[in-house]
Amino acid sequence: MFSKSLSVLLLVYFLSDFSIAQRNETSLRKDYVRVNGLQGSYKVHATPKTWHEAKQVCADEDAILFYPRNRKEVNAAIYFWERDHSAPPSLWIFVGISDIRTEGVFETVDGKPLSAVFGDWSPHQPDNWGNEDCVQLSFMGVINDISCDAHFGFMCEGRNSSRENQASNLDNEDGTYKTST
Ligand SMILES: [Ca+2]
Ligand SMILES: [Ca+2]
């Protein structure tokens, strides 16, 4: 546990060195920010909502309820919360993954199987305890199934197919970092 905590802290430290790209596209709201090396534009919603409410808030902003595709996007989420909200490592947020359609079959809000995205479960999860169909992410870097009617903060992500002009500080899919040369 100690080494995991330490690695999260180190990754947050490294991420804090990232430049936030000012976005120019007209397709997303100005309050979404990009991180060099990541695909999307992100916005933190700190006010706790139910999973369905959170999904709707993002849809209303022409975005989707954020889910991490890999470890580096987990780190990006931690970075955004730390930057704006001093989020403790114990924080959980809702992410855009559920097994609402078919019990036990988790998929993203845009239809990807869990196997295609970040899927590091907390120990003994998912357990569907009392019928849990929505997924939350811990800033310790694990996910858990939880009631969709619980209330948590969340992030929205605007996905942009254009990856030009994005630096590659975070190039490795496993979330490790290339050293500058
Ligand atoms: Ca379930
Ligand atoms: Ca659970």
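Residues numbered from 1 in each chain as written. Chains lettered and ligands numbered in written order. Predicted model: local features only at pLDDT ≥ 70, side-chain atom pairs only at ≥ 80, totals over all residues.

Colleague: Teacher, can you tell me more about the overall build of the chain here?
Modeller: The helix and strand tally for the chain stands at three helices and nine strands. Counting helices and strands in the order they occur from the N terminus, the chain gives α-β-β-β-α-β-α-β-β-β-β-β. Relative to its full complement of 181 residues, the chain shows a buried share of 33%. (Helix = DSSP H or I, 4+ residues; strand = E, 2+ residues; numbered from the N terminus. Buried ≥ 20, exposed ≤ 12 C-beta atoms within 10 Å, placed from the backbone.)

Colleague: I'm lost on the pairing of strand 8 (residues 143–146) in this one. Help?
Modeller: Taken residue by residue, a regular strand's side chains alternate between the two faces of the sheet. Both strand 7 (residues 134–138) and strand 8 contribute to a ladder of four bridges, which runs antiparallel. Residue pairing for strand 8: Leu 137 is matched across the bridge by Ile 143. Counting the residues between successive antiparallel strands, the hairpin from strand 7 to strand 8 contains four residues, one of them, Gly 141, with a positive phi of roughly 90 degrees. (Pairing = 2+ DSSP bridges.)

Colleague: What is the right way to look at the environment of Asn 128 in this model?
Modeller: With respect to the secondary-structure elements, Asn 128 resides in the loop between strand 6 (107–108) and strand 7. On the neighbour-count criterion, Asn 128 (12 C-beta atoms within 10 Å) is exposed. For the pair Asn 128 and Ser 147, spaced 19 residues apart in the sequence, the C-alpha separation amounts to 8.5 Å. Leaving out residues up to four positions away in the same chain, Asn 128 has contacts with Glu 103 and Asp 145. (Contact = placed C-beta atoms within 7 Å.)

Colleague: Looking at this model, I keep getting lost on unusual backbone geometry. Mind explaining?
Modeller: Trans peptide bonds make up the majority, and among non-glycine residues the majority have a negative phi. For the bond running from Gln 125 to Pro 126, omega is 0 degrees, close enough to zero to count as cis. A positive phi is found at His 124, a non-glycine position, where the angle reads about 70 degrees. When you line up the elements, His 124 lands in the loop between strand 6 and strand 7. His 124 gets classed as exposed once you count the C-beta atoms within 10 Å, which come to 8. One non-glycine residue, Asn 128, lies in the positive phi region at around 50 degrees.

Colleague: It is not clear to me how the pairing of strand 3 (residues 40–49) should be interpreted in this structure. Could you clarify?
Modeller: With two bridges joining them, strand 2 (residues 33–35) and strand 3 adopt antiparallel strand pairing. Looking at strand 3, one finds that Arg 34 is bridged to Ser 41. Where strand 2 folds back on strand 3, the antiparallel hairpin that results is connected by four residues, among which Gly 37 adopts a positive phi of roughly 100 degrees. Note that strand 3 and strand 9 (residues 152–159) share seven bridges and pair antiparallel. Bridge pairing in strand 9 places Lys 49 opposite Phe 152.

Colleague: Which parts of the structure should I look at to understand helix 3 (residues 71–85)?
Modeller: Residues three or four positions apart in an α-helix share a direction because the helix packs 3.6 residues into each turn. In this model helix 3 runs 21 Å from its N-terminal to its C-terminal C-alpha over 15 residues, within 8% of the 21 Å that 1.5 Å per residue would give. Three or more residues of helix 3 are buried, namely Lys 72, Glu 73, Val 74, Asn 75, Ala 76, Ala 77, Ile 78, Tyr 79 and Trp 81. Of the residues flanking the end of helix 3, it is Ser 86, one or two places downstream, whose phi is positive at about 45 degrees. (Expected span 1.5 Å × (residues − 1).)

Colleague: Whenever I open this one, the nonpolar core confuses me. Can you help?
Modeller: Buried together is how nonpolar side chains tend to be arranged in soluble globular proteins. Within the largest apolar cluster, 35 residues are counted, with the highest numbers of intra-cluster contacts made by Leu 65, Phe 66, Ala 77, Phe 94, Val 95, Phe 154 and Met 155. Those elements giving two or more residues to this core turn out to be strand 3, helix 2 (51–60), helix 3, strand 5 (92–98), strand 7, strand 8 and strand 9. It is helix 3 that contributes the most residues to this core, six residues altogether. Apart from residues no more than four positions distant in its own chain, Val 95 is found in contact with Leu 65, Phe 66, Tyr 67, Pro 68, Val 135, Gln 136 and Leu 137. (Core = buried A, V, L, I, M, F, W, Y, C linked by C-beta atoms within 7 Å.)

Colleague: Can you help me understand the environment of Asn 75 in this one?
Modeller: Secondary-structure assignment places Asn 75 in helix 3. The class of Asn 75 is buried, set by 25 C-beta atoms lying within 10 Å. Separated by 66 residues in sequence, Asn 75 and Gly 141 have C-alpha atoms that sit 8.2 Å apart.

Colleague: Honestly, the environment of Arg 69 in this entry has me stumped. Any pointers?
Modeller: Counting through the fold element by element, Arg 69 comes out in the loop between strand 4 (64–65) and helix 3. On the basis of neighbour counts, which here come to 18 C-beta atoms within 10 Å, the residue Arg 69 falls in the partly exposed class. A C-alpha to C-alpha distance of 9.8 Å links Arg 69 and Thr 108, two positions 39 residues apart in sequence. Residues within four places of Arg 69 in sequence aside, it is in contact with Val 117 and Phe 118.

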